Amino acid sequence: MKSWLMAAAAITLAACATSTTQHADYTTQSKTGTGPTADELINDHRSAGDVLTYGMGYHQQRYSPLTQINKSTIKRLVPVWSVSLANEFGEQGQPLVYDGVLYAANVKRVVAVEAATGKQLWMTEIPWDPAAARVVCCGLSNRGIALYNGKVFVASLDAHIMALDQKSGKPVWKTKVTEWKDGYSITSAPTVANGVLMTGMTGGEFGVRGFIDGYDPETGKRLWRRHTTAGPGEKGADTWPKNDAYMRGGASTWITGSYDPELDLVYWGTSNGGPWTATPRPGDNLYVASVIAFRPKTGEIVWHYQWTPAETYDFDGNNENVLADIMVNGDKRKVLMHADRNGFLYTLDRTSGKLISGNPYVKVNWASHIDLTTGRPVETEVGRKLRAGEKVMVQPRWTGGKNWMPMAFNPNTGKLYMAMLEEASIFQLNKDLPVYKPGERYMGVTNTTADRNPNEPWGYYGAIDPLTAKPQWRIPLVDLPSWSGMLSTGGGLVFTGKASGEFLAIDEESGNILWQFRTSSGINAQPITYAINGRQYVSVLSGLGGGTSSKRGTQGKVQPGGSIWTFALME
């Protein structure tokens, strides 16, 4: 009876779901090349000419109201410039655009180019200890930079953060975040909210203790540190055993958080537990595999929601948290939308963290459903057997139903657009518990990929309802999986890329591919769009990279090599 009632409730929610409309009604004011200001960052989602934040707005909707490139004109879209990034490690970053200058980063360097022509203005190398590469789980990557008050902020692989002068690229300051030899690294883009520069970190496979740091953007002085495993005397400590397991508990923070300026809350996801096997850390283990909502000035946690309690599947909860105001049962709600690696799509009230809906968007066998009363997943026999030490097939694979590659939300259609993965793993917790050694892998499981049926897709591109997880359309990925982010526009288009190198424009309504162009390498980055002097541009980084999972099936077919590609309508 409960499952029938849940299904009925979900149908009711879907029937009443509509979204707010977004317009390009804000223009950046400074036009000096030394911004952006705090006000400009807050209004990034309303300014079509610039891209000032990770996610094209603090809410990370990755939507632009620009309409010049649309379903009718897309056939005239052509490349207008391309710039080499001289990087063989792969490109996963999102560029930013301000005052006609495009800024992009990878693990090696930051570049500034004229956004309309591709002419390089400056280039600055990112120094890092090459030995740090051994503590990076899944590819040598950098997902981007932050802009604020005349500075460009970027993190390095060996866990430093630095500020560059925005006009010249010259270093202003550099601060050590933590010690890479203990298993820490940084691959995410920093962000600035309410005047505080914030960064996350990686290391969930190395027995680190996760955290988010807040810094003074002018000096690089650390203002606060919020650990994401609850220690003695902290709220949530009772979800850990009464020993020092929390000190090696994981919960790394390797995807940039979103921000609601009205509520003054930052929303940041956390990763898997450490070690992967939950056996030596009985309990729910807050704040592993969770989202935490906190104050940017202090790091104070206001609320949390845990996607996967007692996480033991490597279901990181880092995937982006998309903010929007939508109608639910006739009421406009401030929501947070999150497609988790565990295979469930969640919609939460972002003021309180209360669960509104949670439904599978890919095949899931470790849990039957999300209990709307408790907010917890109800594990199946598969989950119970795994925790008992048996070898089981788990769906989705540890890479998730969706990994880090960000989805987009169109506030006019009310749909989420994302790349999904459909694979399974053969998973077993080891009988012998892992021994922690600083800077070495700390996992305690045996996992392999289940054999694929060659007649079934690797996954899908899809348009998904955020309250029901039902697709409006899905495009099967039959040749390779996709690890590229999505961009939605007012022109009725969704842009994304393929591992084989094609850059695509998809009809947001039908799911038909309307246009494609093959770039020089695989695309596993995040496209953006912007306007300069009345002309709309679309830019994306090309360069096969990431870990072994994101490169599966590409061996001998796709060559590495980083570059920026920019497109506009043929004049």
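I will try to describe carefully the structure that is included in this document. A quick note: this is a predicted structure, and the numbers were derived from the prediction, not measured.

**Quick notes on the overall build of the protein**
Along the protein, the regular secondary structure elements total three helices and 38 strands. For a compact globule of 571 residues, the expected C-alpha radius of gyration is about 25 Å, and the protein comes in at 22 Å, within 12% of that figure. Taking the principal axes of the C-alpha coordinates as reference, the protein spans close to 65 × 50 × 50 Å. A buried classification covers 65% of the 571 residues belonging to the protein. The contacts in the protein between residues at least 6 apart in sequence include a share of 62% that link residues at least 24 apart.

**Some words on the layout of surface pockets**
Put simply, the largest pocket is a space of about 640 Å³. Around the largest pocket, the lining is made up of 37 residues, and of these Cys137, Cys138, Glu205, Arg341 and Gly547 lie nearest the centre. Here the lining of the largest pocket is composed, by residue class, of eleven nonpolar, 18 polar and eight charged.

**Topic: the pattern of salt bridges**
Pairing between side chains becomes possible if they bear opposite charge and their charged atoms approach one another. Applying the stated criterion to the full structure yields 24 salt bridges. A salt bridge links arginine 109 to glutamate 125, with the nearest nitrogen and oxygen atoms 3.3 Å apart. A residue pair is termed long-range when its members are at least 10 positions apart, and arginine 109 in strand 5 (residues 109-114) and glutamate 125 in strand 6 (residues 120-125) qualify at 16 residues. Under the relative-accessibility criterion, arginine 109 is labelled buried at 13%. Ionic pairing is found between arginine 341 and aspartate 316, a salt bridge with its closest N-O pair at 3.5 Å. Of this pair, arginine 341 sits in the loop between strand 20 (331-339) and strand 21 (344-349) while aspartate 316 sits in the loop between strand 18 (301-306) and strand 19 (322-328), placing them 25 residues apart in sequence. Taking relative accessible area as the criterion, aspartate 316 reaches 4% and is therefore assigned buried. A single network of salt bridges, built from pairs that share partners, joins Asp260, Glu262, Asp325, Lys334 and Arg350.

**Looking at the sheet that holds strand 31 (residues 471-477)**
With antiparallel pairing, four strands are arranged side by side in an open sheet as 26-27-30-31. One side of each edge strand has no neighbouring strand; the edge strands of this open sheet are strand 26 (408-410) and strand 31. The sheet shows a mean angle of 20 degrees between the axes of neighbouring strands, taken without regard to direction. Across six bridges, the pairing between strand 30 (residues 459-464) and strand 31 is antiparallel. Within strand 31, the residue paired with glycine 459 across the bridge is leucine 477.

**Brief notes about the packing of aromatic side chains**
All told, the structure shown has 26 aromatic pairs when counted by the stated rule. When the ring of tyrosine 267 is compared with that of tryptophan 303, the centres are 5.8 Å apart and the planes differ by 50 degrees; the resulting orientation is tilted. Taken together, the residues span a long stretch of sequence, with tyrosine 267 in strand 16 (residues 265-269) and tryptophan 303 in strand 18 at a distance of 36 residues. Taking 6.1 Å as the distance between ring centres and 85 degrees as the angle between the ring planes, the aromatic pair formed by phenylalanine 503 and tryptophan 515 counts as edge-to-face. Within this pair, whereas phenylalanine 503 is found in strand 34 (residues 502-507), its partner tryptophan 515 is found in strand 35 (residues 513-518), the two being separated by twelve residues in sequence. Residue tryptophan 515 is classed as buried on the basis of its relative accessible area, which comes to 9%. Lying over the aromatic face of tyrosine 54, arginine 62 brings its terminal NZ or CZ to 4.9 Å of the ring centre. One Lys or Arg, arginine 143, reaches over the ring of tryptophan 404 and ends 4.5 Å from the middle of that ring.

**Concerning empty space enclosed by the protein**
Under the defined criterion, the tally for this structure stands at five cavities of 30 Å³ or more. A volume near 70 Å³ is recorded for the largest cavity. Lining the largest cavity, in full, are Asp44, His45, Ser47, Ala48, Asp50, Val51, Met56, Tyr63, Ser64, Pro65 and Thr529. Tallied by class, the residues present in the lining of the largest cavity amount to five nonpolar, four polar and two charged. In this structure, the second largest cavity encloses a volume near 50 Å³. Leu41, Leu52, Thr53, Tyr54, Ile145, Ala146, Leu147, Pro190, Thr191 and Val192 together form the lining of the second largest cavity. Elements that contribute at least two residues to the lining of the second largest cavity include exactly strand 7 (146-148) and strand 11 (191-193). Partitioning the lining of the second largest cavity into residue classes produces eight nonpolar, two polar and no charged.

**Here's the deal with the state of the cysteines**
For the structure on display, the rule yields one disulfide. Here cysteine 137 pairs with cysteine 138 through a disulfide, and the sulfurs are 2.1 Å apart.

**As for the pairing of strand 34**
For strand 34, a buried count of six out of six residues is recorded, marking the element as mostly surrounded by other parts of the structure. Going residue by residue along strand 34, you find Glu502, Leu504 and Ile506 tucked away on one face and Phe503, Ala505 and Asp507 tucked away on the opposite face as well. Looking at chain direction, strand 33 (residues 493-497) and strand 34 are connected through five bridges and run antiparallel. The partner of threonine 496 across the bridge, within strand 34, is leucine 504. With five bridges connecting them, strand 34 and strand 35 associate as antiparallel partners. Paired with leucine 504 across the strands is glutamine 516, a residue of strand 35. Hairpin remark: strand 34 followed by strand 35, antiparallel, with five residues in the connecting loop; positive phi at glycine 511, about 85 degrees.

**Brief notes about the sheet that holds strand 5**
Within a sheet, each strand pairs with its neighbour through backbone hydrogen bonds, oriented either parallel or antiparallel. Read from one edge of the open sheet, four strands run 3-4-5-6, paired in antiparallel fashion. Lying at the two open borders of the sheet, with one neighbouring strand each, are strand 3 (96-98) and strand 6. Each neighbouring strand pair of the sheet contributes to a mean axis angle of 15 degrees, computed without reference to strand direction. Where strand 4 (residues 101-105) lies against strand 5, five bridges are found, and the strand directions are antiparallel. Residue leucine 102 lies in a different strand from strand 5, and its bridge partner there is valine 113.

**Focus on the side chain of glutamate 91**
Structurally, the position occupied by glutamate 91 is in the loop between strand 2 (77-84) and strand 3. No salt bridge is formed by the buried glutamate 91; its nearest oppositely charged neighbour, arginine 109, is found at 6.9 Å. Looking at glutamate 91, its side chain comes within polar contact range of the side chain of asparagine 106, at 3.1 Å. In contact with glutamate 91, other than residues within four places in its own chain, are Leu85, Ala105, Asn106, Asn524, Ala525, Leu541, Ser542, Gly543, Gly562 and Ser563.

What counts and what doesn't
- Residues numbered from 1 in each chain as written.
- Predicted model: local features only at pLDDT ≥ 70, side-chain atom pairs only at ≥ 80, totals over all residues.
- Heavy atoms only, no water.
- Helix = DSSP H or I, 4+ residues; strand = E, 2+ residues; numbered from the N terminus.
- Rg over C-alpha atoms; globule rule 2.2 N^0.38 Å.
- Buried < 20%, exposed > 50% of the residue type's maximum accessible area, 1.4 Å probe, protein only.
- Contact = heavy atoms within 4.5 Å.
- 1 Å grid on protein atoms, 1.4 Å probe; cavity = no way out; pocket = protein on both sides within 12 Å on 5 of 7 lines; lining within 4 Å.
- Points joined across faces, edges and corners; volume = space filled by probe spheres on them.
- Nonpolar A, V, L, I, M, F, W, Y, C, P; charged D, E, K, R; others polar.
- Salt bridge = Lys/Arg side-chain N within 4 Å of Asp/Glu carboxyl O.
- Pairing = 2+ DSSP bridges.
- Axes fitted to C-alpha atoms, helices over the stretch in contact; angles between N-to-C directions.
- Phe/Tyr/Trp six-rings, centres within 6.5 Å; stacked < 30°, edge-to-face > 60°.
- Lys NZ or Arg CZ within 6 Å of the ring centre and 35° of its normal.
- Disulfide = S-S within 2.5 Å.
- Lys, Arg positive; Asp, Glu negative; His and termini not counted.
- Polar contact = N/O pair within 3.5 Å; in protein donor to acceptor, adjacent residues only side chain to side chain.

Geometric values such as these leave the question of function open.
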